[in-house]
Amino acid sequence: QVQLVESGGGLVQAGGSLRLSCAASGRTFSSYAMGWFRQAPGKEREFVAAIRRSGGSTYYADSVKGRFTISRDNAKNTVYLQMNSLKPEDTAVYYCAALKNYYDRRGDYWGQGTQVTVSS
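Below: a short report on this structure. (Residues numbered from 1 in each chain as written. Predicted model: local features only at pLDDT ≥ 70, side-chain atom pairs only at ≥ 80, totals over all residues. Heavy atoms only, no water.)

1. Some thoughts on the overall build of the protein
In step 1: What the protein contains, in helices and strands, is 0 helices and 11 strands.
In step 2: Reading the protein from its N terminus to its C terminus gives the helix and strand order β-β-β-β-β-β-β-β-β-β-β.
In step 3: Taking 14 Å as the expected radius of gyration for a compact globule of 120 residues, we find that the protein reaches 13 Å, a close match to that expectation.
In step 4: Projected onto its principal axes, the C-alpha coordinates of the protein cover approximately 40 × 25 × 25 Å.
In step 5: Counting only residues that meet the buried cut, the protein has 45% of its 120 residues in that class.
In step 6: Carbon and sulfur atoms make up 45% of the accessible area of the protein, which totals about 6100 Å².
In step 7: The average position of the 15 basic charges and that of the 9 acidic charges among the side chains of the protein differ by 5 Å. (Helix = DSSP H or I, 4+ residues; strand = E, 2+ residues; numbered from the N terminus. Rg over C-alpha atoms; globule rule 2.2 N^0.38 Å. Buried < 20%, exposed > 50% of the residue type's maximum accessible area, 1.4 Å probe, protein only. Areas by Shrake-Rupley, 256 points an atom, 1.4 Å probe, with all protein chains shown as cover. Lys, Arg positive; Asp, Glu negative; His and termini not counted. Charge placed at Lys NZ, Arg CZ, Asp CG, Glu CD.)

2. Some thoughts on the pairing of strand S5 (residues 46-51)
In step 1: The element S5 is largely enclosed, with a buried count of 5 among its 6 residues.
In step 2: The sheet contact formed by strand S4 (residues 33-39) and S5 spans 5 bridges and is antiparallel. Within S5, the residue paired with Phe37 across the bridge is Phe47.
In step 3: Counted along the chain from S4 to the antiparallel partner S5, the turn is 6 residues long, and its residue Gly42 has a positive phi close to 80 degrees.
In step 4: As defined by bridge partners, S5 adjoins strand S6 (residues 58-60) across 3 bridges and the pair is classed as antiparallel. Each bridged residue has a counterpart across the sheet, and for Ala50 the counterpart in S6 is Tyr59.
In step 5: Hairpin connection from S5 to S6: 6 residues lie between these consecutive antiparallel strands, with Gly55 at a positive phi of about 85 degrees. (Pairing = 2+ DSSP bridges.)

3. Digging into the sheet that holds strand S1 (residues 2-7)
In step 1: Read from one edge to the other, the open sheet built from 4 strands follows the order S1-S3-S8-S7, with strand pairing classed as antiparallel. Taken across any chain shown, the strands that pair with only one partner, and hence form the sheet edges, are S1 and strand S7 (68-73). Shown here is a sheet whose adjacent strand axes are inclined to one another by a mean of 15 degrees, direction ignored.
In step 2: Across 6 bridges, the pairing between S7 and strand S8 (residues 78-83) is antiparallel. When the bridges of S8 are listed, Thr69 appears paired with Gln82. (Axes fitted to C-alpha atoms, helices over the stretch in contact; angles between N-to-C directions.)

4. Thoughts on the pattern of salt bridges
In step 1: One pass over the full model with this rule turns up 5 salt bridges.
In step 2: Residues Arg38 and Asp90 are paired through a salt bridge, measuring 2.9 Å at the closest nitrogen-oxygen approach. You can see Arg38 sitting in strand S4 and its partner Asp90 sitting in the loop between S8 and strand S9 (92-99), a full 52 residues away along the chain.
In step 3: The class for Arg38 is buried, based on a relative accessible area of 6%. (Salt bridge = Lys/Arg side-chain N within 4 Å of Asp/Glu carboxyl O.)

Pasting the structure below:
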């Protein structure tokens, strides 16, 4: 079992930045690839970014490429999402997930989510 707790969401103006954190406890954090997903009101959950177990490779949705950066600190059991140049369309609840592998998009474990609101 892995417990995931996101933090760092909030209200920010367009063009601003936020850094989300996801702290993991339970089974070995470093045995999982990690991902960030988001769900806007009335829309399906969508993939945002993923990172390998070692942190050596990352992958991004086209909509966030060049603006968001995923990283992890296995010593701290934490994965991060640095979000720059935020746009109103980035408004959503952001979730982190523990993934079976780098390509998994279903997730084995999920956090409760953190709200990000970008005002225009």
